[in-house]
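Residue-level listing of the chains:
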Amino acid sequence: MDKKVLITSRSFGKISDEPLNILKEAGYEVTLKGKDFDQTEFEAMIPDYDALIIGAHEFPEAVMERCSRLKIICKHGAGLDNIHLDKAKELGIAVCNVPGTNSNAVADLTFGLMLAVARNIVSTNRWVHEGKWQTAIGVDVCGKTLGLMGFGAIAKNVARRARGFGMQVLAYDPYVKELPQEFQEYVTLCGQEEVLTGCDFLSLHLPLNDETRGMIADRELTRMRQGAYIINCARGGIVSERALYEALVTGHIAGAAMDVSEVEPMAADNPLLTLDNVIVTPHIGMYSKEAIGAVSLICAQNVAARGENRPLQHQVV
């Protein structure tokens, strides 16, 4: 074999052998480094590879410049904030992601977290396990107003679930000018300020970039309704954790549920972890059997296609 692919995603090929078989049948020597990933080791070894299926870790521009063999980077997921797209384009490296494939998985988790934080499910479960039969008063989700920042594939699926709970939905997305017909009855497309001030639950579904970094901070949290909740299954840097902690301590924000954090893994001494009204999960949004299987398959197909100069799926560079 004269072609080599490095895989740094922990979940690649966990559901089926088909993605690995596709790579091997295409003539690739496969190196799996997701389970025992080390950033220093990655930066030392990647210049020897023709293809990369990358997880969420950083790929520095200076390292990319040393990768004369590298022909394709496939993101094992949708978010591209850890890949320097301009540098990849400059170097002639194709970049693909897998958007939409995990949209049901992330939407399910989003709604699950919303229910969990509203009804104190995590805290009360822990109390019972600790031997305390203690109640906690939550709030209804049914009939409330859900605010969505971003209205892409995941947010649309969250809106569909919200409809089953009789929720009205306010959505902000600067790139969406008209709602598809199916949403017009229960979703209102509006400005960012209207979403912030009008919702009981705010759910974030945006990429992390220069426009969205720190998008929800002191001013935005202050503008939200007293007793509102925040759900973030997008990217941690969109919400200021310092501002969120202060808003939670004062009680202005009633609770938060997060599948992401500004730094991952989240530090054990992060003050948010001291609060009972905060739920944090370790970036498990796409970790359903169905989503992982589909994402792994498409990444493998793209690597094989690049090696044979065939068209790529979801190419962004």
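In case you missed it, the structure is sitting above this.
This is a predicted model, so every value here is computed, not measured. Counting of residues starts from 1 at the beginning of each chain's written sequence and follows it residue by residue. Thresholds applied to this predicted model are a pLDDT of at least 70 for local features of residues and 80 or more for the giving and counting of side-chain atom pairs; totals over whole chains, interfaces and linings are not thresholded and use all residues. As a rule here, side-chain values come from all non-hydrogen atoms in the structure, and water together with hydrogens is ignored.

**Remarks on unusual backbone geometry**
- A cis amide bond links Glu-264 to the next residue, Pro-265, at an omega of 0 degrees.
- For the purposes of this entry, the term helix denotes a DSSP run of H or I that reaches at least four residues, the term strand denotes a run of E that reaches at least two, and both are numbered from the N terminus. Relative to the assigned elements, Pro-265 resides in the loop between strand S11 (253-258) and strand S12 (278-280).
- With a phi close to 55 degrees, Asn-120 is a non-glycine residue in the positive phi region.
- Within the chain, His-283 stands out as a residue other than glycine whose phi angle is a positive 55 degrees.

**A closer look at the pattern of salt bridges**
- Each salt bridge in this description consists of a side-chain nitrogen of Lys or Arg and a carboxyl oxygen of Asp or Glu lying within 4 Å of one another. Under the defined criterion, the tally for this structure stands at 19 salt bridges.
- For Arg-69, the salt bridge identified is with Asp-50, shortest N-O distance 2.7 Å. One end of the pair, Arg-69, is in the loop between helix H3 (61-64) and strand S4 (72-75); the other, Asp-50, is in the loop between helix H2 (39-45) and strand S3 (51-54), with 19 residues separating them in the sequence.
- A salt bridge links Arg-223 to Glu-193, with the shortest nitrogen-to-oxygen separation between them at 2.5 Å. Of this pair, Arg-223 sits in helix H9 (residues 218-223) while Glu-193 sits in helix H8 (residues 192-198), and the two are 30 residues apart along the sequence.

**Points about the pairing of S4**
- To sort residues, take the accessible area from a 1.4 Å probe on protein chains only and compare it with the maximum for the residue type: under 20% means buried, over 50% means exposed, and anything in between is partly exposed. Along S4, one buried face is formed by Ile-72 and Cys-74 and the opposite face, lined by Ile-73 and Lys-75, is buried too.
- At least two DSSP bridges between two strands are needed for those strands to be called paired. Looking at chain direction, S4 and strand S5 (residues 94-96) are connected through three bridges and run parallel. Opposite Cys-74, over in S5, you have Cys-96 as the bridge partner.
- Handedness of a crossover: with both strands directed away from the viewer, a clockwise path from the first strand across the helix to the second marks it as right-handed. Of the crossover connections in this fold, the one passing from S4 over helix H4 (residues 85-91) to the parallel S5 is right-handed.

**Regarding the packing of helix H1 (residues 18-25) against helix H11 (residues 289-307)**
- It is at 8 Å that the axes of H1 and H11 come closest, and there the two elements cross at 5 degrees. The pairing of H1 with H11 is recorded here as roughly parallel in orientation. Where H1 approaches H11, its residues Glu-18, Pro-19, Ile-22 and Leu-23 are matched on the opposing element by Ser-296, Leu-297, Ala-300, Gln-301, Val-303 and Ala-304.
- Here the contact of H1 with H11 is composed, by residue class, of seven nonpolar, two polar and one charged. Where helices are involved, their axes are fitted lines through C-alpha atoms of the stretch in contact, as for all axes, and angles between N-to-C directions lie from 0 to 180°. Any angle that is under 35 degrees is reported as roughly parallel, and any over 145 degrees as roughly antiparallel; angles of 65 to 115 degrees are reported as roughly perpendicular and all others as oblique. A contact between two residues is defined here by any heavy atoms of the two lying within 4.5 Å. Amino acids outside the nonpolar list (Ala, Val, Leu, Ile, Met, Phe, Trp, Tyr, Cys, Pro) and the charged list (Asp, Glu, Lys, Arg) are all regarded as polar, and Gly is one of them.

**Remarks on helix H5 (residues 103-118)**
- Working rule for helices: expected span equals 1.5 Å times residues minus one. In this model H5 runs 22 Å from its N-terminal to its C-terminal C-alpha over 16 residues, within 8% of the 22 Å that 1.5 Å per residue would give.
- Downstream of H5 by a residue or two, Asn-120 has a phi angle that is positive, lying close to 55 degrees.

**Concerning the packing of aromatic side chains**
- Pairs were defined over the aromatic rings of Phe, Tyr and Trp, the Trp ring being its six-membered one, requiring ring centres within 6.5 Å. Orientation was assigned from the angle between planes: stacked under 30 degrees, edge-to-face over 60, tilted for the rest. Taken as a whole and assessed by the stated rule, the structure comprises six aromatic pairs.
- Ring geometry for Phe-42 against Phe-59: centres 5.3 Å apart, planes inclined by 80 degrees, an arrangement best described as edge-to-face. With a gap of 17 residues between them, Phe-42 in helix H2 and Phe-59 in the loop between S3 and H3 connect regions that are remote in the sequence.
- The buried category is assigned to Phe-42, whose relative accessible area is 1%.
- A centroid spacing of 5.1 Å and a plane angle of 15 degrees characterise the contact between Phe-201 and Tyr-229, whose relative ring orientation is stacked. Of the two residues, Phe-201 sits in strand S9 (residues 201-204) while Tyr-229 sits in strand S10 (residues 228-232), which places them 28 residues apart along the sequence. Here Phe-201 and Tyr-229 have matching classes, each one buried.
- What links up through ring pairs into an aromatic cluster is the set Phe-37, Phe-42 and Phe-59.
- For a ring to carry a charge above it, either NZ of a lysine or CZ of an arginine must fall within 6 Å of the ring centroid while also lying within 35 degrees of the normal to the ring plane. The positively charged end of Lys-4 is found above the aromatic ring belonging to Tyr-49, 4.5 Å away from the centroid.

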